[in-house]
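# Working through the structure, step by step
Here is how the chains run, residue by residue.
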Amino acid sequence: MRKSANQIKFINCGDLEIMVSIEGQAVEKHPYYYPAIVLLYAKKGTIVLEADKTIKKVPAGNFLLINRFSTGFMHKTWTAEEGEANVFAFVFHQEFVKKVRQQFSTNDTDRNIEVQSTYILPPNPILSGLFDSIFNYIQQEQTLDTSLVELKTMEAMMGVLNYHPECHNIFLTERPDEKLDLQQLVESNYMYNVPLSKLAQLSGRSLSTFSRDFKAIFNDSPHRWIRKRRLIKAKEMLLNTNRKPVEFYMELGFESLAHFSRVFKKEFGVTLTEFRKNNYSKLK
């Protein structure tokens, strides 16, 4: 694994999804907006969350539970001893939450407890063990079948319910299905290498409706807009940081450095090296 690159892997088995985010040295602040409850584990480094006009820090060993459709900004920091940040996530879609609630006896909601957009949870060996077990499968490149993904995801949800009663209402309160804000969804996820079919599904639209609505908002096709937005972000990183392209091309959703270099030159007429050299004075 290249230590200087940011890597993000999505594990999907049917309608079940575990998003395993293996963060390297990515420091860029980015917005978040997702149609599911997400449980993040800061294995190494610190998650910094900006939401509800406050800044929250989730240090290594702690967890962050984010409610559906919550908005904010997030980035990671780490110490010199840590060298990078590693953040993993379980994803709890509403249909899966309903399924778990039907199979297990859970407490009724407490109307006096207000549902928060985020919860910081202290170290929990049960939850961290679940994340580590999934990570071991990924590291060993083993295939995960649907039953295993479902079991691990269910165990993670029950772990939160059993050890953190303050979070019960985030799972037990019914929320109607809703169509996501397409612009907010795309601008929060364009840097990830997610298929358009997946973005359409997340937005609550068919692929054809997604493409039509996308063009109405952005006045461009999804493929072209996402590519351009990633390249604009690449220019910003070349201008404002000393990081090498090999250290951040994966953060922007490009599968290889060669592909990144090729589309950058096609878009801007210069190579990555030439662009940085021509703007070197801005980095001083």
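Residues numbered from 1 in each chain as written. Predicted model: local features only at pLDDT ≥ 70, side-chain atom pairs only at ≥ 80, totals over all residues. Heavy atoms only, no water.

When helices and strands are tallied, the protein chain shows eleven helices and ten strands. Taken over 284 residues, the protein chain has a buried fraction of 51%. For the protein chain, restricting intrachain contacts to residue pairs at least 6 apart in sequence, the fraction spanning at least 24 positions comes to 72%. (Helix = DSSP H or I, 4+ residues; strand = E, 2+ residues; numbered from the N terminus. Buried < 20%, exposed > 50% of the residue type's maximum accessible area, 1.4 Å probe, protein only. Contact = heavy atoms within 4.5 Å.)

Taken across its six residues, strand S5 (residues 46–51) has five buried, putting it largely inside the fold. Where S5 lies against strand S8 (residues 72–77), five bridges are found, and the strand directions are antiparallel. Each residue of the ladder has a partner; that of Glu-50, found in S8, is Phe-73. Two elements, S5 and strand S6 (residues 54–58), share five bridges in a ladder whose sense is antiparallel. For Leu-49, the partnering residue across the bridge sits in S6 and is Lys-56. (Pairing = 2+ DSSP bridges.)

Take the sheet that holds strand S4 (residues 37–44) next. The sheet built from four strands is open, its strands ordered S9-S4-S7-S10 with antiparallel pairing. A single partner strand is all that each edge strand has here, and the edge strands are strand S9 (86–92) and strand S10 (118–121). The mean angle between the axes of side-by-side strands here comes to 20°, regardless of whether they run parallel or antiparallel. Bridge analysis of S4 against strand S7 (residues 63–66) gives four bridges, and the strand direction is antiparallel. (Axes fitted to C-alpha atoms, helices over the stretch in contact; angles between N-to-C directions.)

A few words now on the packing of helix H8 (residues 222–240) against helix H10 (residues 257–268). Each pair of packed helices gets described by two things: the angle between the helix axes and the distance between those axes. At a closest axis distance of 11 Å, the pairing of H8 and H10 adopts a crossing angle of 95°. By the angle class used here, H8 and H10 are roughly perpendicular. Residues Lys-228, Leu-231, Ile-232, Ala-234, Lys-235 and Leu-238 of H8 form the contact with H10, whose participating residues are Phe-260, Val-263, Phe-264, Glu-267 and Phe-268. Here the contact of H8 with H10 is built from residues that sort into eight nonpolar, no polar and three charged. (Parallel < 35°, antiparallel > 145°, perpendicular 65-115°, else oblique. Nonpolar A, V, L, I, M, F, W, Y, C, P; charged D, E, K, R; others polar.)

Function cannot be inferred from these measures alone, as they are strictly geometric.
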